[in-house]
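# Structural characterization, general
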Amino acid sequence: YFVDDLNMPKVDKYFTQQPIALVRQLIDYGTFYDRADLSVQKRIADILFVSCMNPKAGSFYVDVRLTRHLTTICLSVPEKEILYTIYSQMLSGHFREFDEKIQKLTPKIISATQKVFGDMSKNPKFAPTAKKFFYQFNMRDFAKIIQNIMCSNAKEYKGKELNIARLWAHECHRVWEDRLIDAEDFDQYNKTMVAAAKENFTDFQDTAVFEEPLIFTSFVDASKGHDPSYRGVKDTAELRDCLEGYLADYNENVAAMDLVLFQQAMEHIVRICRIIDQPSGHCLLVG
């Protein structure tokens, strides 16, 4: 069983929590009684409990008669130095086959990501609310950015250090910007991104790093018969030609689907393809 928000049940005046008492009964005795016939005992075997606690709400107390059965694990957010060590080693290992100039971008990419991550996770503007319940920014976001930068290959990015910086900006947009719904939040995020780029990618103009279209995908090369390569599209026309080709092929082989490929639709397709290309990739549409 997975029990979410284990610390949420209200504590009564005798310091007990009824839902937790029920769980404890199952763990302690492994049995229930049939309320229709109290002489009938139902034994439950081979069960395992895993639970988590809500760090922002609830009683912050769980009956010790239950917790004595559990192994308690608490993980804090790693320090800045630890994050740098972990992800710089991963990224430098991936860039080993790349140009030397690109290899030197490793510490800059990690530092820039740390700066944006710090603002997104600690700035009160990005705190979750009832309207923005999906404003949950944590270590998984950091990992996703590095994970997708590591989808690049040395052949495609040979002598293209700027494209690596643009790839970093694109991944930040997909992981963080796509979740923002408020104009003020967009402005704050963009300010943080520009500041991080100016501070770390000093060899490039920030206008070049964020120049539109800032779209990276792997299916454009695949549509031309080449091996899939995660790279930026040259322009909107290249993306439109690719998607129209896929749409025509679908209409011939399955059923007519008259889609209008306007700019935003194409961008959403790229976003979805990026997500389902990732291991266990999933997305949530809020609207």
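Residues numbered from 1 in each chain as written. Predicted model: local features only at pLDDT ≥ 70, side-chain atom pairs only at ≥ 80, totals over all residues. Heavy atoms only, no water.

## Notes on the pattern of salt bridges
Keep this limit in mind: Salt bridges are defined by distance alone: a side-chain nitrogen of Lys or Arg within 4 Å of a carboxyl oxygen of Asp or Glu. Secondary structure elements follow DSSP: runs of H or I of four or more residues count as helices, runs of E of two or more count as strands, with numbering from the N terminus. Each residue's exposure class comes from its accessible area (1.4 Å probe, protein chains only) as a fraction of the maximum for that residue type: buried when under 20%, exposed when over 50%, partly exposed otherwise.
A full pass over the atoms with the stated rule returns 18 salt bridges. The salt bridge involving Lys108 is made with Asp203; its shortest N-O contact spans 3.9 Å. Of this pair, Lys108 sits in helix α5 (residues 106–122) while Asp203 sits in the loop between α8 (183–200) and α9 (206–209); the two residues are 95 residues apart in sequence, bridging distant segments of the chain. Where Glu238 meets Arg231, a salt bridge forms, and the shortest distance between an N and an O atom there is 2.9 Å. Taken as a pair, Glu238 and Arg231 share a single burial class, namely buried. In the salt-bridge network here, residues are joined through shared partners; they are Asp221, Lys224, Arg231 and Glu238.

## Regarding a nonpolar patch on the surface
The cut-off we apply is this: Within the patch definition used here, like charges are joined within 9 Å and nonpolar side chains (Val, Leu, Ile, Met, Phe, Trp, Tyr) within 5 Å, considering only residues with over 30% relative accessible area and no salt bridge. Areas reported as accessible are Shrake-Rupley estimates using a 1.4 Å probe. Residue values count occlusion only from the protein chains shown.
A contiguous nonpolar patch, built from Tyr250, Val254, Met257 and Leu259 and spanning about 360 Å² of accessible area, is present on the exposed surface. Tracing the backbone through its elements, the reader meets Tyr250 in helix α11 (residues 236–253). A relative accessible area of 34% means that Tyr250 is categorised as partly exposed.

## Concerning the nonpolar core
Quick reminder of the rule: Among buried residues, the Ala, Val, Leu, Ile, Met, Phe, Trp, Tyr and Cys ones that are joined through side-chain atoms within 4.5 Å form a nonpolar core. The contact rule is simple, with two residues in contact once any of their heavy atoms fall within 4.5 Å.
Counting residues in hydrophobic clusters, the biggest one holds 42 residues, and the most contacted among them are Ile109, Trp168, Trp176, Tyr189 and Phe201. Mapped by element, the contributors of at least two residues to this core are α3 (80–94), α5, α6 (139–149), α7 (161–175) and α8. Sort the elements by how many residues they give to this core and α7 lands first, with seven residues. Not counting chain neighbours up to four residues away, the residues in contact with Phe201 comprise Leu105, Lys108, Ile109, Ala112, Ala165, Trp168 and Ala196. Phe219, Cys242, Leu261 and Val270 belong to the second largest nonpolar core, which has 11 residues in total.

## Brief notes about helix α1 (residues 18–29)
In an α-helix, one full turn covers 3.6 residues, which means residues spaced three or four apart are oriented alike. Note the following rule: Expected helix span is computed as 1.5 Å times (number of residues minus one). The arc refers to the directions leading from the helix axis to the C-beta atoms.
Compared with the 16 Å implied by 1.5 Å per residue over 12 residues, the 16 Å span of α1 between its first and last C-alpha is a close match. Three or more residues of α1 are buried, namely Ile20, Val23, Arg24 and Leu26. Here the buried residues of α1 occupy an arc of 160 degrees about the axis, which is enough to place them on one side. Among the exposed residues of α1, those oriented more than 90 degrees off its buried face are Gln18 and Tyr29. Elements that come into contact with the buried residues of α1 comprise β2 (31–34) and α2 (64–67). Where α1 ends, the next residue or the one after it, Gly30, has phi of about 60 degrees, a positive value.

Everything listed here is a matter of geometry and, on its own, says nothing about what the molecule does.
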